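Understanding the architecture of this molecule
Single-letter residue listing:
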Amino acid sequence: MKSCHGIEDETGLSLLGSADHTTMLIFNGSIFMPSVLTLIGIPGLESVQCWIGIPFSVMYLIAVIGNSLILVIIKYENSLHQPMYIFLAILGATDMALSTCILPKMLGIFWFHLPEISFDACLLQMWFIHLFQGIESGVLLAMALDRYVAICDPLRHATIFSQQLLTYMGVGVTLRAAILTAPCLVLIKCRLKLYRTTTISHSYCEHMAIVKLATEDIRINKIYGLFVAFTILGFDIIFITLSYVQIFITVFRLPQKEARFKAFNTCIAHICVFLQFYLLAFFSFFTHRFGSQIPPYVHILLSNLYLLVPTFLNPIVYGVKTKQIRAHVLKMFFSKKTP
């Protein structure tokens, strides 16, 4: 093996010094446990990434401001200390955390040409992204169950959704996501030692994007990634769908048209959020594994939108469609101040 920037010994090992003075160990053309990775952003659209960063940053600002506003309103309005709004607050906090994990580094790539990230920081970002995705999916399931009980068994709603149950659900959703996604870190860190390149054709550290860099057998990593996706997203979408089917059956059996409309209206916001989250999630998931014919920039753009669009749309959808939230927002900004 030839190395023009490093020193090679008789075993085929060489030390390659990079421009930022880090040292990588090269073995038979593969890089052994790289300390630094490079995110290229959106492959094929490098020349316009600075412009793509503008709408992304606007979405991020809307997500932070909108979700913060909802959190403040729910915290200080005692009338909103109900399961539906508590779940909405958790969803808003998760959305802000998810977008904050991604966008600052992404804008660093797009605007300031800072593509490098340490290997451990990349794995940590990957874990946080999938952790918050899992939490968001679990919260959407909890919200669907809340609507199911509120509409199908309203007299027992307050008894079933007690403060203790809400605590258990919050802890359970978080632990489920953390425990199921943590082995992805371990499998990459402990199994994959040799990498063909340190360049990730993505704008953030995604599980399969990192795994595909390895020269070793990655079947276990792929299988476990599929297992996590279907255990979390698959399980949740099945039970959310069953909940809404039962809700619709109950709603259409109501004798009064006005009662049917009112019951259905309380679910519209949840359905909108549910559809845009899971449709984008599964499209991104399957194209990354099976969409070899789809141009890379299309996949990467959709992956970015999958993570960013829900975070800024959720507060808008709930702010517009939820009467209580909308009323408090209007009151906050347009109420006349008494002297």
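Residues numbered from 1 in each chain as written. Predicted model: local features only at pLDDT ≥ 70, side-chain atom pairs only at ≥ 80, totals over all residues. Heavy atoms only, no water.

1. As for the UniProt feature "transmembrane region" (unreviewed entry) in the protein chain
As recorded in UniProt, the feature "transmembrane region" (unreviewed entry) lies at residues 25-45, 51-74, 86-112, 124-145, 165-188, 223-251, 263-285 and 297-318. Taken end to end, residues 124-145 comprises 100% helix and 0% strand; its first and last C-alpha atoms sit 31 Å apart. Split by type, residues 297-318 is 100% helix and 0% strand. Its first and last C-alpha atoms lie 31 Å apart. (UniProt positions renumbered as here; feature names shortened; annotations may be inferred. Helix = DSSP H or I, 4+ residues; strand = E, 2+ residues; numbered from the N terminus.)

2. Here we look at the state of the cysteines
Put plainly, two cysteines are in a disulfide when a covalent bond ties their sulfur atoms together. Under the definition given, this model contains one disulfide. Shown here is the disulfide that connects Cys122 with Cys205, its sulfur atoms set 1.9 Å apart. One disulfide, between Cys122 and Cys205, carries an S-S torsion of -115 degrees and so falls in the left-handed class. Taken together, the positions of Cys122 in helix α3 (residues 119-152) and Cys205 in the loop between β8 (199-200) and α6 (207-211) put the pair 83 residues apart, joining distant regions of the chain. Judged on exposure class, the residue Cys122 and its partner Cys205 are both buried. (Disulfide = S-S within 2.5 Å. Buried < 20%, exposed > 50% of the residue type's maximum accessible area, 1.4 Å probe, protein only.)

3. A short note on the sheet that holds β8
One open sheet holds the three strands; their spatial order is β6-β5-β8, and the pairing between them is mixed. Pairing within the sheet leaves two strands with one partner each, and these edge strands are β6 (116-118) and β8. Pairing between strand β5 (residues 36-39) and β8: two bridges, direction parallel. What sits directly across from Thr38, in β8, is Thr199. Packing against the sheet, α3 makes contact with β5, β6 and β8, and its axis sits at approximately 85 degrees to β6. (Pairing = 2+ DSSP bridges. Contact = heavy atoms within 4.5 Å. Axes fitted to C-alpha atoms, helices over the stretch in contact; angles between N-to-C directions.)

4. Brief notes about the side chain of Asn67
As for its position among the elements, Asn67 is in helix α1 (residues 49-76). Overall, the relative accessible area of 3% leaves Asn67 in the buried class. Within polar-contact distance, the side chain of Asn67 engages the backbone oxygen of Ala63 at 2.8 Å. Apart from the residues lying within four places of it in its own chain, the contact partners of Asn67 are Ile62, Gly92, Asp95, Met96, Thr311 and Pro315. (Polar contact = N/O pair within 3.5 Å; in protein donor to acceptor, adjacent residues only side chain to side chain.)

5. Description of the pattern of salt bridges
A complete count under the given rule lists five salt bridges for this structure. A salt bridge links Asp146 to Arg147, with the shortest nitrogen-to-oxygen separation between them at 3.0 Å. Across the pair, exposure class does not vary: Asp146 and Arg147 are buried alike. In this structure, the salt-bridge partner of Asp217 is Arg219, at a minimum N-O distance of 2.9 Å. Given the relative accessible area of 38%, Asp217 is considered partly exposed. (Salt bridge = Lys/Arg side-chain N within 4 Å of Asp/Glu carboxyl O.)

6. Considering the packing of aromatic side chains
Counted under the stated rule, the structure contains 13 aromatic pairs. Seen from their ring centres, Tyr224 and Phe227 are 5.7 Å apart, and the 40 degrees between their planes marks the pair as tilted. You can see Tyr224 and its partner Phe227 sitting in helix α7 (residues 219-252), three residues apart, about one turn around the helix. Summarising the aromatic geometry, the rings of Tyr244 and Phe274 are spaced 6.2 Å apart at their centres and angled 35 degrees between planes, so their arrangement reads as tilted. Taken together, the residues span a long stretch of sequence, with Tyr244 in helix α7 and Phe274 in helix α8 (residues 257-290) at a distance of 30 residues. Pair check on accessibility: Tyr244 and Phe274 agree, each one buried. In this structure an aromatic cluster arises from ring pairing among Tyr244, Phe248, Phe274, Phe277, Tyr278 and Tyr306. (Phe/Tyr/Trp six-rings, centres within 6.5 Å; stacked < 30°, edge-to-face > 60°.)

7. Let's talk about helix α9 (residues 296-321)
For α9, with 26 residues, the first-to-last C-alpha span of 36 Å sits near the 38 Å given by 1.5 Å per residue. In the structure, α9 departs most strongly from a straight axis at Leu313, where the bend amounts to approximately 30 degrees and where the proline Pro315 lies between one and four residues downstream. (Expected span 1.5 Å × (residues − 1). Bend = angle between axes of the 7 residues up to and from the residue.)

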